[in-house]
Amino acid sequence: MAEMMYREALNRALFEEMRRDPSVFIMGENIGERGGSYKVTEGLIKEFGPERVIDTPLAEATFTNAAVGAALVGTRPIVEILFVDFTTLPMDALVNQAAKYKFMSGGQGQVPMVLRTQGGAGNGLAAQHSQSLEALFYHIPGLKLVMPSTPYDAYGLLLSAIRDDAPTIFIEHKLLYMTKGEVPEEEYVVPMGEADVKREGEDVTLVTYSYMTLKCLEAAELLEKEGISVEVVDLRTLKPLDEETILESARKTGRVIIVHEACKRGGIGGDIAAMIMENAYDDLDGPVSRVCGLDTPVPYNLELEKVCVPTVEDIAEAVIKIT
Amino acid sequence: MTKKSPKKNAAKGKVSSPGVSEKILLKMYRSAYATRQFELKCMDLYRQGFIRGYLHPYLGEEAIAAGACAAIRPEDFIVSTHRGHGHCISKGADLKLMVSEIMGRATGYCKGRGGSMHISSKEDNNLGANGIVGAGIPIGTGAAMGIKVKKSKQVVLVFFSDGAANQGVFGESLNFAAAFELPVIYMLENNHYAVSTPVECSFGNCDLACKGPAYGMPGVCVDGNDAVEVYLATKSAAERALNGEGPTLIEAKTYRHGGHHINDPGLYMDQEVLAEWKARDPLDILRSKIKGKKKIQEIEAHVESELEEAIEFAKDSPQPSVDEFLDSIPNY
Ligand SMILES: Cc1ncc(C[n+]2csc(CCOP(=O)(O)OP(=O)(O)O)c2C)c(N)n1
C-alpha cells in the first residue's frame, strides 16, 4: 500500500490505462504540458505524445461531440472538462448523442467514453465555478455517473469507467484532489454500481457520496462521543445505483438521512428517499430526511459560501433530531 | 427581425484616421493608468489574503479597453470577460465599488456575491463579466438585438479573447449579427494565449480578423497596445453600427504581461516574445503621444489617491450579512 493524493491516484489510473490500451486517448483544455489545472494529467504528454494527449481549442461542445464520434469508430476517449459548470455547453453531446446512440442504433454501436470533470464549492470561485450538477446527468437514461470520495475509489473507478462500454460521467470534487489515502500498488478495479459502507453503525444511516462522505464521517465521529452509532454509506456510483446496499442499511438502522452538497430541490436525495420509501417503508422508524446544499447559486464571499453547503454540524444536528 | 437588402458588400474594414484630441488621449490615459495601478494593488491585496478565488490581471492589455471605451458613449453597452477589470474601469466604474466587490464586501457592485469574475454595473451600462468563456459573445449580440427592437440609438461593444473565438457561439453570433445588421462591435483581444494554449495551436488560420469578412462584416486588425489605433477602429465601427450598417469585428493584438491568473507563473510563455511586448508597453506608447506632460502627472497622482481611498473604503466596508443573504434567496 502506498499513500497518495486523490489527484495522484487519478493520474496513475490514466497512465496505466493508456499503457494497457492504445485505443484510450484523452483530450481537454491545457491538459498537455500544463498537466491540467488540477494536475491530474501531469506527465501524460511526455509518455504518450500529443496524438493521445490532446490540448483542444476552447470548444467544449465540439470536443465532447468529437469524443462521441471517436468512440463510434473504436477508440476510448476520455474528455476533461475543467469544471462541471461548463458541462452545460456540451449537453447535446451527452444527452442526445452519447446517452442514446446504443439504444437508437438497436445496439449496433456504443459510445465507450468517459467525461472527467470537477465540481463543488469551497474555493471562492463563485456562482459559475462552484456548482454540483450531478442531478442533470442522473436524470438521463443511458449515462453512468461516478463520484468517488477517496483515492482508492478514484483509481479503481476510473479504471472501471474507462473499460466500460457505456458513456460515463466521472465527477471529481475540487476539495478532494489534495486529500490522501491508501492505494494498493497492484492494479485493481472498483466495479461501478457498488456502494461502500465507509463506517458501520446501528442507529442512523447517512447515505452520501463525493466530498460529503468526508463530512459525514467526521459527523459520525462526533456523534459516537454522544453515544449515537452512525452508518455511512458512500454511494461512489450514482448510476447504476446500488439500491441493495442502501436498503440493507436502511432496514438495519431504521433511520436514513441523505446528505449531498447539490441543491436540495430536484437533487438526487429526493429520488433515493422515494426509492427507500417504496421498498423499505415498513422497516423505517421515521421519514427519510435530507441535508443538502441551499437552493441558491453559490456566492463569492467566504461567509456566504459556507452557509450554502452542509457542514459537519448541520449533519450532526440532523442526526440528533431523529434519534 | 427585418434586414435591409441588398446586402452590403463586407469588404475589409479600414480605419479612418483623423487626429485624436488631447482630451481623448488623456481620457484614455486615465483609464489605462487606473487599470494598471488597480491590477497591481489587487495582486498585493490577493497576496495579503483580502481577495480569494480567481484573479485574472489585465496587465499589458490596458490600451484595448481604454481605447475602445473612449470611442463609445455612456449610453452604449459593454460586455466583459473573466479578465474584465480594465473593461469596467474604462467604462467608468467606481473604484470603491470595484475593490469592495473583489474583496467580497457588502458595498461591492454585486454585494460581494460575484467577485472579480462577475462584476457588472448597471449604471455604466456594463452588462457584466463572465466566468463562462465565450458566453458574452451571444449575450452582447442579443443586447444589440434588443436595441434594434427598441429602436434606441445605442451600440454594444463585446470584449472577448482568442480562446473564446474557438467557441461555436463566436461563429454563430457573427453570422447572426451580420444577417440582421445588428449594432454590435466584436472586440477580439488577441493576447495570444488561452491559459497555456498558444493561438497557433488552437487555430488553423491565425488571422482572426479575417473571420469578419467570412461572416459578412468588416474585419479590422489593430495594434492592441496602441490605444489610439484601438480608439479609431472602434470609433468607425460605432459609427457604422449607429448608421444601421451592422457589426464589425476588430482584432486587437496584445500580450499578457504574466500568467493566466495570479497563481500562474506563466512559465510556458516565450520569454523573448514577452520581453518584446513588454518593451512596447501600452502605457508608454500612449504617454508618448500626449503633449501635456504635466497633465499626465496630475492624472497619475489623482488615480493613485483615488485608488488608496477605494482600498480604504473597501477595507472599512462590512462583510455581507448572512441573514440578509438567507432571507433574499427566492423560492424558485
Ligand atoms: C466555457 C469555459 N471553458 C473553460 C474555462 C476555463 N478557462 C477560463 S479562462 C480560459 C482561457 C480563456 O482564454 P481567452 O478567451 O483567450 O481569454 P484570456 O484568458 O486570454 O483573456 C479558460 C480555458 C471557462 N471559464 N469557461
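Provided above is the structure to which this section pertains.
What counts and what doesn't
Residues numbered from 1 in each chain as written. Chains lettered and ligands numbered in written order. Predicted model: local features only at pLDDT ≥ 70, side-chain atom pairs only at ≥ 80, totals over all residues. Heavy atoms only, no water. Helix = DSSP H or I, 4+ residues; strand = E, 2+ residues; numbered from the N terminus. Expected span 1.5 Å × (residues − 1). Salt bridge = Lys/Arg side-chain N within 4 Å of Asp/Glu carboxyl O. Buried < 20%, exposed > 50% of the residue type's maximum accessible area, 1.4 Å probe, protein only. Near = heavy atom within 4 Å. Polar contact = N/O pair within 3.5 Å; in protein donor to acceptor, adjacent residues only side chain to side chain. Areas by Shrake-Rupley, 256 points an atom, 1.4 Å probe, with all protein chains shown as cover. Pairing = 2+ DSSP bridges. Axes fitted to C-alpha atoms, helices over the stretch in contact; angles between N-to-C directions. Contact = heavy atoms within 4.5 Å. Left-handed = near helix turned anticlockwise from the far one by under 90°. Patch = residues over 30% accessible without salt bridge, like charges linked within 9 Å, V, L, I, M, F, W, Y side chains within 5 Å. Parallel < 35°, antiparallel > 145°, perpendicular 65-115°, else oblique. Buried area = accessible area lost by both parts, 1.4 Å probe. Nonpolar A, V, L, I, M, F, W, Y, C, P; charged D, E, K, R; others polar.

Asker: Looking at this structure, I do not really get helix H1 (residues 22-47) of chain B. What am I missing?
Answerer: Because each turn of an α-helix spans 3.6 residues, side chains separated by three or four positions end up pointing in the same direction. The terminal C-alpha atoms of H1(B), which comprises 26 residues, lie 37 Å apart, in line with the 38 Å expected from a rise of 1.5 Å per residue. Backbone geometry just after H1(B) places Gly49(B) at a positive phi near 90°.

Asker: Explanation requested: the pattern of salt bridges in the structure shown.
Answerer: Pairing is possible between side chains of opposite charge, provided their charged atoms come close. Residues and elements named next belong to chain A. Summed over all chains, the structure comprises 35 salt bridges over all chains. One salt bridge connects arginine 199 with glutamate 224, and the closest N-O pair in it is separated by 3.1 Å. With a gap of 25 residues between them, arginine 199 in strand E9 (residues 196-199) and glutamate 224 in helix H8 (residues 212-225) connect regions that are remote in the sequence. Judged by relative accessible area, arginine 199 falls into the buried class, the value being 18%. Glutamate 224 gets classed as partly exposed once you look at its relative accessible area, which sits at 48%. A salt bridge links aspartate 283 to arginine 251; the shortest N-O distance between them is 3.1 Å. Of the two residues, aspartate 283 sits in the loop between helix H10 (268-280) and strand E14 (289-293) while arginine 251 sits in helix H9 (residues 243-253), which places them 32 residues apart along the sequence. Residue aspartate 283 is classed as partly exposed on the basis of its relative accessible area of 35%. What emerges from the salt-bridge pattern is a single network uniting Asp153, Asp196, Lys198, Asp234 and Arg236.

Asker: Please explain the site of the ligand as it appears in this structure.
Answerer: By nearness alone, 21 residues border the ligand, and Glu60(A), His82(B), Arg83(B), Gly131(B) and Gly163(B) come closest of all. One chain alone does not account for the residues near the ligand; they come from chains A and B. The side chain of Asn191(B) places a nitrogen or oxygen atom 2.8 Å from an oxygen atom of the ligand. Tyr193(B) places a main-chain nitrogen or oxygen 2.8 Å from an oxygen atom of the ligand. Coverage of the ligand by the protein amounts to 96% of the 580 Å² it exposes when considered alone.

Asker: Can you help me understand the sheet that holds strand E6 (residues 144-146) of chain A in this one?
Answerer: The pairing of strands in a sheet happens through backbone hydrogen bonds and is either parallel or antiparallel. All names here are of chain A. Pairing within the open sheet is mixed, and its seven strands lie in the order E3-E2-E4-E5-E7-E6-E12. Pairing within the sheet leaves two strands with one partner each, and these edge strands are strand E3 (53-55) and strand E12 (237-239). Recorded for the sheet is a direction-independent mean angle of 20° between the axes of neighbouring strands. When strand E2 (residues 24-28) meets E3, the two strands line up parallel, connected through three bridges. Looking at E3, one finds that methionine 27 is bridged to isoleucine 54. Across the sheet, helix H3 (residues 60-72) is in contact with E2, strand E4 (76-81) and strand E5 (114-119); its angle to E4 comes to roughly 165°.

Asker: Just to check I follow, could you spell out the packing of helix H2 (residues 62-70) of chain B against helix H9 (residues 227-242) of chain B for this structure?
Answerer: Each packed pair of helices is defined by two parameters, the angle between the axes and the distance between the axes. All names here are of chain B. Following both chains from N to C, one finds H2 and H9 inclined at 35°, their axes separated by 7 Å at the closest point. As for how H2 packs across H9, the hand of that crossing is right-handed. On the side of H2, the interface is formed by Ala63, Ile64, Gly67, Ala68 and Ala70, while H9 contributes Ala227, Val230, Tyr231 and Thr234.

Asker: What should I look at first to understand the environment of Ala194(B) in this one?
Answerer: Its location among the elements puts Ala194(B) in strand E4 (residues 193-194). On a C-alpha basis, the gap between Ala194(B) and Ala164(B) in space is 8.3 Å, while along the polypeptide they are 30 residues apart. Once residues within four sequence positions are removed from consideration, Ala194(B) is found in contact with Asn30(A), Leu58(A), Asp162(B) and Gly163(B).

Asker: Help me out: how do you make sense of the sheet that holds strand E1 (residues 77-79) of chain B in this one?
Answerer: Residues and elements named next belong to chain B. Read across the sheet, five strands follow the order E1-E2-E3-E7-E6 without closing on themselves; strand pairing throughout is parallel. The open sheet terminates on both sides in strands that have one partner only, identified here as E1 and strand E6 (219-223). Mean inter-strand twist for the sheet, computed between neighbouring axes without regard to direction, equals 20°. As paired strands, E6 and strand E7 (residues 248-253) are joined by five bridges and run parallel to one another. Counted as the bridge partner of valine 222 is alanine 252 from E7. Its contacts with the sheet place helix H5 (residues 136-150) against E1, strand E2 (156-161) and strand E3 (184-190), and it is angled at close to 175° to E2. Running over the sheet, helix H6 (residues 168-180) touches E2, E3 and E7 and is turned about 150° from E3.

Asker: I keep staring at a nonpolar patch on the surface and nothing clicks. Help me out?
Answerer: Together, Leu72(A), Val73(A) and Tyr101(A) make up a nonpolar patch on the protein surface, roughly 270 Å² of accessible area in all. Looking at where Val73(A) falls in the secondary structure, it is placed in the loop between H3 and E4.

Asker: Which parts of the structure should I look at to understand the packing of H8(A) against helix H12 (residues 312-322) of chain A?
Answerer: Residues and elements named next belong to chain A. Contact geometry of H8 with H12 gives a least axis separation of 9 Å together with a crossing angle of 55°. With respect to H12, the element H8 is oriented oblique. Judged by the twist between their axes, the crossing of H8 over H12 is right-handed. Residues Lys215, Cys216, Glu218, Ala219, Leu222 and Leu223 of H8 lie in contact with H12, whose contacting residues are Val312, Ile315, Ala316, Val319 and Ile320.

Asker: Would you mind showing me how to read the interface of chain A and chain B here?
Answerer: Note on interface size: it is often stated as the accessible area lost on association of the parts. Contact residues are listed per partner, giving 30 residues for chain A and 37 residues for chain B. Counting the surface lost from both chain A and chain B, the interface buries some 2,600 Å², and carbon and sulfur atoms represent 60% of this. Joining chain A to chain B, the criterion identifies two salt bridges. Its salt-bridge partner being Arg34(A), residue Asp264(B) comes within 3.8 Å of it at the nearest N-O pair. At six residues, helix H11 (residues 302-308) of chain A tops the list of elements feeding residues into the side of chain A that touches chain B. Residues that form the side of chain A that touches chain B fall into these classes: 17 nonpolar, eight polar and five charged.

Worth remembering: the numbers are spatial, not functional.
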